[in-house]
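# Structural features, examined
What follows is the residue order along each chain.
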Amino acid sequence: TSDVERVILDVSVKDSTGGYVTGLQRQNFRIFENGRLQPITDFANVDTPVSIGLVVDDSGSMGPKRPEVVTAGLAFAKESNDKDELFVVNFNNNVVYGLPPGVAFTDDVQLLRSALYLGNPVGQTALYDAIVFALKHLQAGRQPKKTLIVVSDGGDNVSKASLGNVLNLIDASEATIYTGGLFNPDDRDGNPRVLRRIAHASGGEYFNPTIEQVVPTFHQIAKEIRNRYTIVFAPDPTLDRQKYPTRSLRVIATAAGHKHLAVRCRTSYSLKPFAQLLAGLPEKRKN
């Protein structure tokens, strides 16, 4: 709709040792929008189903790394909630939807395997266009929580969309994005800063695994998804929508027995409708 009536936050909480803190309740959290404390209207601390997109770099340099990424993606699917739904987007010069025509999401491991192996690793890296396409597709997901996992070994060098476009769409979406950078030491195109920024803006996490660490990294992401809280609040009606279309967010968690809790959550959100922002972007040709 043109008016945002609620904001859904996907929140992770860890203690000082890096362990997940489970069992927290609504009263353990405080949400600040543009510095103002807002009441929580809904709260869940259970493992809820997720709509998930696997967004995988299929450029020429990814060829030797592809088997490990496919293995990790399939292992991730097997660890998912029975009601999770997944899709695959491959990208090089073009953005390619991996599942068969008419199949928007699936939990079929064989379909996911075929999607991850679709095409040959060639060409350059349309990272931003791939994320734009995946965010758009994710909007059609049936599950309340939405996640992208983006794996690439290089910075963007061929997209029509810009990093700014991607960050604006993230603010208008409900997606949490995890990014993984498989960089070679001598790779001049590698850009971990961009992948880190995309993950941070959405409340996700950036990883920089070696090829041997890809499978354990996907396992860690699967565990992270299963240990997050869902917190909902309504935008502050006293703030001018025209003056403050994008608003900062800060979530604080406190609990007895914990001196400091680290909260991971998106850092801002936009009142501008996702569809409106999407309509203003140059769309990369999709195969």
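As a starting point, this report considers the structure included with it. (Residues numbered from 1 in each chain as written. Predicted model: local features only at pLDDT ≥ 70, side-chain atom pairs only at ≥ 80, totals over all residues. Heavy atoms only, no water.)

Along the polypeptide, Gly190 turns up in the loop between strand 9 (175-181) and helix 5 (192-202). Residue class for Gly190 comes out partly exposed when judged on its relative accessible area of 23%. Along the sequence, Gly190 and Gly155 sit 35 residues apart, while their C-alpha atoms lie 5.0 Å from each other. (Helix = DSSP H or I, 4+ residues; strand = E, 2+ residues; numbered from the N terminus. Buried < 20%, exposed > 50% of the residue type's maximum accessible area, 1.4 Å probe, protein only.)

Further remarks concern the pairing of strand 11 (residues 228-233). Along strand 11, 6 of the 6 residues are buried, which leaves the element largely enclosed by surrounding structure. Sheet topology note: the strand 1 (residues 7-14)/strand 11 ladder contains 6 bridges and is antiparallel. By the bridge assignment, Val7 is partnered in strand 11 with Phe233. Pairing between strand 4 (residues 40-44) and strand 11: 4 bridges, direction antiparallel. Each bridged residue has a counterpart across the sheet, and for Ile40 the counterpart in strand 11 is Phe233. (Pairing = 2+ DSSP bridges.)

Right, let's get into the packing of helix 4 (residues 163-172) against helix 5. Interhelical geometry of helix 4 versus helix 5 gives an angle of 20° and a closest axis separation of 9 Å. By the criterion of interaxial angle, the relationship of helix 4 to helix 5 is roughly parallel. Classified by chirality, the crossing of helix 5 by helix 4 is right-handed. Between helix 4, through Leu163, Val166, Leu167 and Ile170, and helix 5, the contact on the second element is made entirely by Val194, Arg197, Ile198, Ala201 and Ser202. Its residues assigned to classes, the contact of helix 4 with helix 5 comprises 7 nonpolar, 1 polar and 1 charged. (Axes fitted to C-alpha atoms, helices over the stretch in contact; angles between N-to-C directions. Parallel < 35°, antiparallel > 145°, perpendicular 65-115°, else oblique. Left-handed = near helix turned anticlockwise from the far one by under 90°. Contact = heavy atoms within 4.5 Å. Nonpolar A, V, L, I, M, F, W, Y, C, P; charged D, E, K, R; others polar.)

Let's shift gears to the nonpolar core. Counting 64 residues, the largest nonpolar core has Leu54, Phe76, Phe87, Leu135 and Leu148 as the members making the most contacts within it. Here this core gets 9 residues from one element, more than from any other, and that element is helix 3 (residues 127-138). Apart from the residues lying within four places of it in its own chain, the contact partners of Leu54 are Gly73, Phe76, Leu86, Phe87, Val88, Val89, Leu116, Ile149 and Phe218. (Core = buried A, V, L, I, M, F, W, Y, C linked by side-chain atoms within 4.5 Å.)

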